[in-house]
Amino acid sequence: MASFQLVNTFTNTTRKLPDSTSSRCFKTHPQKNHRFKVSCNVAPDGNEKLLLVPDSKNLILPKPSLDTLNVDRRNLLLGLGGLYSTVNFSSLPAAIAAPITTPDISTCIPSEQGFNVQDSVRSNQCCPPMMTTTPKDFVFPKDNAIRVRPAAHRATPEYVAKYKAAIQAMRDLPDEHPHSFVQQAKIHCAYCNGGYTQVASGYADKQLQIHNSWLFFPFHRWYLYFYERILGKLIDDPTFALPYWNWDNPAGMSFPAFFETDGKRNPVFDAFRNVNHVSPEVVVDLDYNGSDSGAPCLQQISTNLAAMYKQMVSNATDPLSFFGGEFRAGDDPFGNSDPSVGSIEAGCHTAMHRWTGNPRMPNNEDMGNFYSAGYDPAFYVHHANVDRMWKVWKDLGIKGHNEPTDPDWLNASYVFYDENEELVRVYNKDCVQIENLKYDFELSPLPWLKNRPVAHTKPDTTTKPVEKVTVPDVKFPIKLDKIQKVLVKRPAKNRSQSEKEKATEQLLIKGIKFNVSKFVKFDVFVNDQDDVPASSASESEFAGSFAQLPHHHGGHKKLMTSAARFGLTELLEDIGAEDDEYILVTLVPKVGAEDLTIDEIKVELVPIV
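Starting from 1, residues in each chain are numbered consecutively following that chain's sequence as written. Residues qualify for local features only when their pLDDT is at least 70, as the model is predicted, and side-chain atom pairs are given and counted only at 80 or more; totals for whole chains, interfaces and linings, by contrast, use all residues. Side-chain calculation: all heavy atoms of the structure are included, whereas hydrogens and water are not.

Moving on, we get to the overall build of the protein chain. Secondary structure follows DSSP: runs of H or I at least 4 residues long count as helices, runs of E at least 2 residues long count as strands, and numbering of each begins at the N terminus. On a plain count of helices and strands, the protein chain comes out with 12 helices and 19 strands. Residue exposure (1.4 Å probe, protein chains only): buried if accessible area is under 20% of the type maximum, exposed if over 50%, otherwise partly exposed. Sorting the 609 residues of the protein chain into buried and exposed places 58% on the buried side. Using a 1.4 Å probe, the Shrake-Rupley method yields the accessible areas, and only the shown protein chains count as cover for residues. Working note: accessible area of the protein chain is about 24,300 Å², and carbon and sulfur atoms make up 52% of it.

Following this line, the structure appears as structure tokens:
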């Protein structure tokens with residue numbers, strides 16, 4: 001048993017809310033502000049038990065050795081020299097991997113993952129129409145004007161009328177048309193629910209999945225790019241731009257009113273939404289657990305702003321943390337690979353999907369499931385703000401806020417029908433600079449930037465009693481069918497400011513295996529008090545959440561493997577724990593975690609470049 005001291009301290013701190021808070025918010029709850037200090041009593045001989053699992057076994061190259069072949073893996077994928085059939089690509093290390101390549105659309109198959117097909121209300125026939133199977137190369141637009149995406153809550157009546165006319169024109173097209181409302185919705189289903197494999201990269205038995213990895217942001221940016229231009233062409237307006245749901249700003253933290261019925265036929269209305277959330281009086285929950293928190297609106301806004309700060313600053317210090325883990329050709333999104341999910345994808349992105357979808361539907365249609373999300377026009381407005389988060393994150397100018405530079409990210413590709421009904425292949429590298437794509441976002445305040453948790457005062461052990469508790473030894477993998485506490489050693493303590501500027505301290509939770517037929521979410525706290533189930537994202541000790549929408553549904557349970565990263569540098573400053581040699585990590589299951597297991601928890605220093 002590893003013993004340590006917990007010291008209860010009390011402070012009196014408040015957080016100022018933005019002036020734009022709606023007048024309907026009139027009631028607040030007092031904010032919890034107590035914490036416990038953790039210090040580990042380690043035996044003098046240094047024989048403390050490490051709560052980490054050993055590194056994975058080294059990969060063994062198949063024979064013949066690649067060193068003796070002396071050829072590039074990308075050439076092997078082309079089948080040069082007959083090597084294609086003799087080398088087991090699935091066992092090759094990532095150092096010689098290749099980028100994900102979407103095959104031509106003729107290889108698309110019906111989607112059957114991520115939802116119960118038998119009870120589904122949307123089709124699983126998600127493949128695009130076969131107008132052509134050979135995509136052309138993407139060419140940057142020559143538009144003279146920049147399409148400026150407005151915040152939905154500030155949209156003028158004239159703009160809303162134009163937006164509705166564009167959606168109506170899309171709905172009026174035959175379903176088989178590549179620009180139709182139905183075909184645009186099916187794009188997300190095909191890419192996210194098993195419609196494509198990695199056959200173009202030489203792995204016909206491996207699925208292509210654009211969630212839970214570094215493909216998440218660029219794929220959705222391209223998706224919206226063509227969707228927006230198609231809408232503009234349908235109403236003959238080359239300046240038309242999608243609105244964005246400004247849920248990171250208190251003024252936009254409610255469901256956009258123009259999406260609901262107004263006594264007339266409304267083309268942007270969707271029948272499969274959570275009826276408890278569509279009122280403009282209801283504040284969104286960016287830390288949604290699948291059930292309403294019941295918090296007064298001021299408290300919910302405060303929690304939302306704290307969550308945004310965590311996901312955009314504290315937990316997004318480097319490309320891996322923000323974009324998600326590497327996903328290369330040959331990686332298995334369900335089995336042997338171990339990608340990590342980015343801070344925005346696992347956080348506000350997933351929360352808003354589930355918050356909007358209808359919990360009474362078999363698969364939480366529409367927004368609550370990947371296969372059906374594209375049928376709700378709110379999906380594209382939601383993802384317009386997700387796309388904006390990428391731009392905002394980069395524009396903050398913080399060191400480390402850069403896109404990945406790995407060639408396998410830059411050269412990953414997808415295929416879409418463009419506004420001219422031509423099949424086009426696009427690459428991640430071409431969507432990094434949105435000015436080249438001729439669109440931008442209307443400016444909106446960022447109140448969450450000033451919502452870093454208020455630092456606690458140092459614990460006063462002379463006036464507060466010391467409560468001693470014990471934390472049992474942990475053997476991995478651990479099952480998250482209950483609250484789990486793990487004591488984890490840090491690689492360094494009391495780091496100087498210059499050291500912090502060179503590397504960020506991160507909590508890494510690896511080998512998260514979960515039932516992908518469920519909505520899954522658990523929260524992570526560091527050195528928190530015993531009442532963590534009642535804690536929220538506004539607490540200083542809150543590190544973040546891991547959340548996933550369903551990826552698979554079938555007659556048997558199938559486990560998906562993922563990982564999550566959480567920034568510790570600011571968190572440990574805020575709770576006054578920089579001199580702790582160990583931290584107490586508390587995992588709190590929220591929903592769908594009954595079958596979830598975790599292989600490893602560790603703290604590491606990640607260079608900032």
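Looking now at the side chain of R221. The topology assignment puts R221 in helix α5 (residues 216-234). Judged by relative accessible area, which is 1%, R221 ranks as buried.

Another aspect to go through is the sheet that holds strand β12 (residues 484-489). Pairing is antiparallel in the open sheet, where 4 strands are placed in the order β12-β17-β14-β15. Of all the strands in the sheet, the pair left with one neighbour each is β12 and β15 (542-548). On average, adjacent strands in this sheet sit at an angle of 25° to one another, irrespective of strand direction. Pairing geometry for β12 and strand β17 (residues 582-591), over 6 bridges, is antiparallel. Bridging across to β17, Q484 finds its partner in L587. Here, any two strands with at least 2 DSSP bridges between them count as paired. Fitted lines through C-alpha atoms give the axes, limited to the stretch in contact for helices. The angle between two N-to-C directions lies from 0 to 180 degrees.

At the junction of E365 and D366, the peptide bond is cis and its omega measures out at -10° in the coordinates. For D366, the position within the fold is in the loop between α8 (343-356) and α9 (378-395). At the junction of F476 and P477, the peptide bond is cis and its omega measures out at 0° in the coordinates. Unlike most non-glycine residues, E421 shows phi in positive territory, near 65°. You can call E421 partly exposed: its relative accessible area is 31%. Of note, the phi angle at K438 is positive, near 65°, even though the residue is not glycine. Within the secondary structure layout, K438 lies in the loop between β8 (423-427) and β9 (439-441).

Moving on, we get to the pairing of strand β16 (residues 559-567). Two faces belong to every sheet, and in a regular strand the side chains alternate between them. Burial runs high along β16: 8 of the 9 residues are buried. In the sheet, strand β13 (residues 503-515) pairs with β16 via 8 bridges, with the strands oriented antiparallel. Residue pairing across strands places L508 opposite R565, the latter belonging to β16.

Now for the nonpolar core. Counting residues in hydrophobic clusters, the biggest one holds 104 residues, and the most contacted among them are Y163, Y191, W222, W247, M312 and Y414. With 11 residues, α5 is the single largest residue contributor to this core. Here a residue-residue contact requires only that any non-hydrogen atoms of the pair lie within 4.5 Å. With residues near it in sequence (within four places) discarded, W222 still touches F138, Y414, F416, V426, Y427, N428, D430, C431 and L437. Among the nonpolar cores identified, the runner-up in size contains 36 residues, and V474, L480, V486 and L568 belong to it. Working definition of a nonpolar core: buried Ala, Val, Leu, Ile, Met, Phe, Trp, Tyr and Cys residues. They are joined through side-chain atoms within 4.5 Å.

Along β17, 7 of the 10 residues are buried, which leaves the element largely enclosed by surrounding structure. Inspection of the sheet shows strand β14 (residues 520-526) paired to β17 by 6 bridges, in the antiparallel sense. Its bridge partner lying in β17, D523 is registered against V588.

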